[in-house]
Amino acid sequence: MKSRSVPLREVYVWELPVRIYHWINALCILALCITGYIIGNPIAVMKGTEAYQNFWFGNVRFIHFVAAFLFFFNFVFRTYWGFVGNEYSRWYNFIPLKKSQWIEILEVIKVDVLQVKHKQIDSIGHNSLASFIYFITFLMFLLQCLTGFGMYAAMSTSYLPQLFAWFVPFLGGDIAVRQIHHILMWAFILFAIVHVYLVFYHDYIERRGITSSMIGGWKFIEEDVALRNDDSATSTSPKKGKK
Amino acid sequence: MEKRPSYYQEVKGKGIARRDFLKFCTTMAAFLGLEANGAGQIANALQTKPRLPVIWFHFQECTCCSESFIRSSHPLVADIVLNKISLDYQETLMAASGFQAEEAYQAVMKKYPGQYIVMVEGSIPTENEAYCCIGGRSALQILEEAVANCMAVVAWGNCASSGCVQAASPNPTGAKPVHEVISGKPVVNVQGCPPIADVMAGVVVHLLTFGRIPQLDSLGRPKAFYSRRVHDTCYRRASFDAGLFVESFDDEGAKRGYCLYKMGCKGPVTYNSCGIIKWNDGVSYPIQSGHPCIGCSEKGFWDNGPFYQHLPSVAGFGIETTADKIGLGLGVLTAAGMAAHAITTNIRKHKEITNEPETNLKES
Ligand code: HEM
Ligand code: SF4
Ligand code: SF4
């Protein structure tokens, strides 16, 4: 048996609401990409029948819209959680306003992207580069909701979609809105591929349990790193991080 | 001020029966979505109100709006607007020419300040004003002068509403729609290439009956005619929801009248009344004749082609390149990048992977 003993601490990083959010979001995006792709490129599977006998395209669109509503409210919830959740889920992690965040972004690029430097990145939640990318995906979520509900407003009289109706004239018309909505699908797909790859990558070289952390919420963090983070958290923020 | 005859007086003189006149009023009330007494209001207005003075300009355009107009379903429409009503100045149709013509429209501006309507067909060049001159003056100068004292402006068709083909990339004349070059007056964008004649008539009747412009959507189009997509009123919609699509113009689906979505139909992104009012006295409209909608009442529809393809090509990537092709290409690049990264990881992060730097590694 090959084993080693290292001082590790288990750190509770992702609270249950964050984990639920994550998986609902993942499933919604999967459903929205698949149904969205079909809406953009339907296959003419049926021939020689009459319209009243079928409704498959209507169903595909229905799934898209149901997933869209779920996706939207889930996203609203996560935004709210960014103000009330634990220190790893707070909004300020995602927007690099502090110099220390930019320094870490450069570090991550050197360590994980270019691989010219070898050390552990201290962040226990997302590292600063990952956080910043997630911030960009939040903007993508927003734009996808604006374009999606903007289009949806034309076929609905209900209150929520009408709130987005202004976005269509803002872009000059439905043609542009639809095109942007379609292009963004590819941004989602590319993000998802790279996201999954990087989770594997980090687990492969760091073994902090990043994959299972989105299931159970806990990560294994080297003792010294965990304590150092705890100290700095105490010294910089007036409210002590709940641990 | 001289006494102007009402519309009804004018058409009666032409031998139009009262019955036909009332039919027209009822149709218009229905098109405009007025309440039950709307027909009466219209009839009343057409009988009592003096005709609206109108100046109708042709700038950078093809006259298809005028052509559409004179083919409107009810003889009264063309009659009312073209012969009688108004056209104190209309470059294509007026008898006068040269100085006489110029005088005619100068006279309207002097005689009816704040009461006349300016109707515009065509876009206005801004790259070089000389691209469109009439009587030695540029389109912009003429328009600005005429608009200064008018009651409202009606922009006919896609050219005047959003630039149409002249404003398509690369827009050599710097063509601009009316609402972008003037300010301070209400502009009604009667979209389409051309707009449906009955829609044009509806706008005129509304102006006359109520003395103000109809309710507009956020792109300046009258809500009564442009609040629904062609797709929402299309009789092929059942095929769309059923997933029955035409894939080529001579396939089985085309014969059965399936949905034209895969042939590039822009009905889902186009706001117009084609599915309801239809064309040529309600005979048909493009989709009914088997051709996909090309989105002629939407801004920039020329640049969102090709017409026979659902997804527009992406600017700067060539005519055949859609977002899907680019997306797929980027996907392949990403996969290659990840493969390269995975390989270098196994080499450069070897120590991390095998735990070599650790001292407390135990093998047994
Ligand atoms: C991950 C998020 C999403 C993705 C990847 C996505 C993808 C797509 C794609 C590719 C299309 C086809 C566009 C085309 O015709 O070429 C589409 C259509 C559409 N999407 Fe989404 N979408 C997403 C979220 C949403 C949301 C949040 C809404 C909000 C209601 C929405 C509403 C719509 C509507 C209304 C259509 C047009 C369907 C039709 O008229 O047939 N989408 N979507
Ligand atoms: S033919 Fe065009 S407008 Fe009609 S249902 Fe199909 S996509 Fe919609
Ligand atoms: S069907 Fe579409 S392209 Fe054809 S006239 Fe109507 S709006 Fe224009």
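Chemist: Please set out the side chain of A:Gln115 residue by residue, giving values where relevant.
Modeler: Mapped onto the elements of the fold, A:Gln115 is located in the loop between helix H3 (99–113) and helix H4 (128–153). Judged by its relative accessible area of 1%, A:Gln115 is buried. Engagement of the side chain of A:Gln115 in a polar contact is seen with the side chain of B:Thr345, the distance being 2.9 Å. Excluding its chain neighbours within four sequence positions, the residues that come into contact with A:Gln115 are A:Ile109, A:Lys110, A:Tyr201, B:His341, B:Thr344, B:Thr345, B:Arg348 and B:Lys349.

Chemist: Can you lay out the site of ligand 2 for me, pointing to particular residues and giving the numbers?
Modeler: Taken together, B:His231, B:Cys234, B:Arg236, B:Arg237, B:Phe240, B:Cys259, B:Leu260, B:Tyr261, B:Cys265, B:Gly267, B:Pro268 and B:Ile287 make up the full set of residues adjacent to ligand 2. For the shell around ligand 2, a count of residues per class yields eight nonpolar, two polar and two charged.

Chemist: Tell me what's going on with the coordination of the iron atom of ligand 1, and back it up with residues and numbers.
Modeler: Residue and element names in this part refer to chain A. Around the iron atom of ligand 1, the protein contributes the donor atoms His-64 (NE2) and His-181 (NE2), which lie 2.0 Å from the metal centre. Seen from the iron atom of ligand 1, its six donor atoms lie at angles of 86 to 178 degrees, and the figure they make is octahedral. Highlighted residues: His-64 in helix H2 (residues 56–84) and His-181 in helix H7 (residues 174–206), separated in sequence by 117 residues. Taken as a pair, His-64 and His-181 share a single burial class, namely buried.

Chemist: Please set out the nonpolar core residue by residue, giving values where relevant.
Modeler: By size, the foremost hydrophobic cluster in this structure holds 54 residues, and its most contacted members are B:Trp156 and B:Val190. For this core, the element with the highest residue contribution is helix H10 (residues 197–210) of chain B, accounting for eight residues. When residues no more than four places from it in sequence are discounted, the contact partners of B:Val190 are B:Val154, B:Ala155, B:Trp156, B:Gly157, B:Ser161, B:Pro195, B:Val199, B:Met200, B:Val203 and B:Tyr226. Counting residues in each nonpolar core, the second largest holds 27 residues, with A:Met140, A:Leu146, A:Tyr152 and A:Met185 among its members.

Chemist: Go over the domain arrangement of chain B with me, naming the residues and quoting the values.
Modeler: As a measure of interface size, the accessible area lost when the parts come together is often cited. For chain B, the assigned domains are domain 1 (7–225) and domain 2 (323–360). The straight-line distance from the C-alpha centre of domain 1 of chain B to that of domain 2 of chain B is 64 Å.

Chemist: Go over the environment of B:Gly329, please, and point to the residues and values.
Modeler: Residues and elements named next belong to chain B. Looking at the secondary structure, you find Gly-329 in helix H14 (residues 323–348). Given the relative accessible area of 34%, Gly-329 is considered partly exposed. Between the C-alpha atom of Gly-329 and that of Met-109, which follows or precedes it by 220 residues, the distance is 60 Å.

Chemist: Mind laying out a nonpolar patch on the surface, listing which residues take part and the relevant values?
Modeler: Residues and elements named next belong to chain A. Together, Phe-77, Tyr-80, Phe-83, Val-84, Trp-91, Tyr-92 and Leu-97 give the surface a local cluster of nonpolar side chains, amounting to about 710 Å² of exposed area. Note on placement: Tyr-80 falls in helix H2. Judged by relative accessible area, Tyr-80 falls into the partly exposed class, the value being 47%.

Rules and cut-offs
Residues numbered from 1 in each chain as written. Chains lettered and ligands numbered in written order. Predicted model: local features only at pLDDT ≥ 70, side-chain atom pairs only at ≥ 80, totals over all residues. Heavy atoms only, no water. Helix = DSSP H or I, 4+ residues; strand = E, 2+ residues; numbered from the N terminus. Buried < 20%, exposed > 50% of the residue type's maximum accessible area, 1.4 Å probe, protein only. Polar contact = N/O pair within 3.5 Å; in protein donor to acceptor, adjacent residues only side chain to side chain. Contact = heavy atoms within 4.5 Å. Near = heavy atom within 4 Å. Nonpolar A, V, L, I, M, F, W, Y, C, P; charged D, E, K, R; others polar. Donors = N, O, S within 2.8 Å, 3.2 Å for Na, K, Ca; no water. Tetrahedral: all angles 85-135°; square planar, octahedral: opposite > 155°, others 65-115°. Core = buried A, V, L, I, M, F, W, Y, C linked by side-chain atoms within 4.5 Å. Domains from an automatic or database assignment. Patch = residues over 30% accessible without salt bridge, like charges linked within 9 Å, V, L, I, M, F, W, Y side chains within 5 Å. Areas by Shrake-Rupley, 256 points an atom, 1.4 Å probe, with all protein chains shown as cover. Salt bridge = Lys/Arg side-chain N within 4 Å of Asp/Glu carboxyl O.

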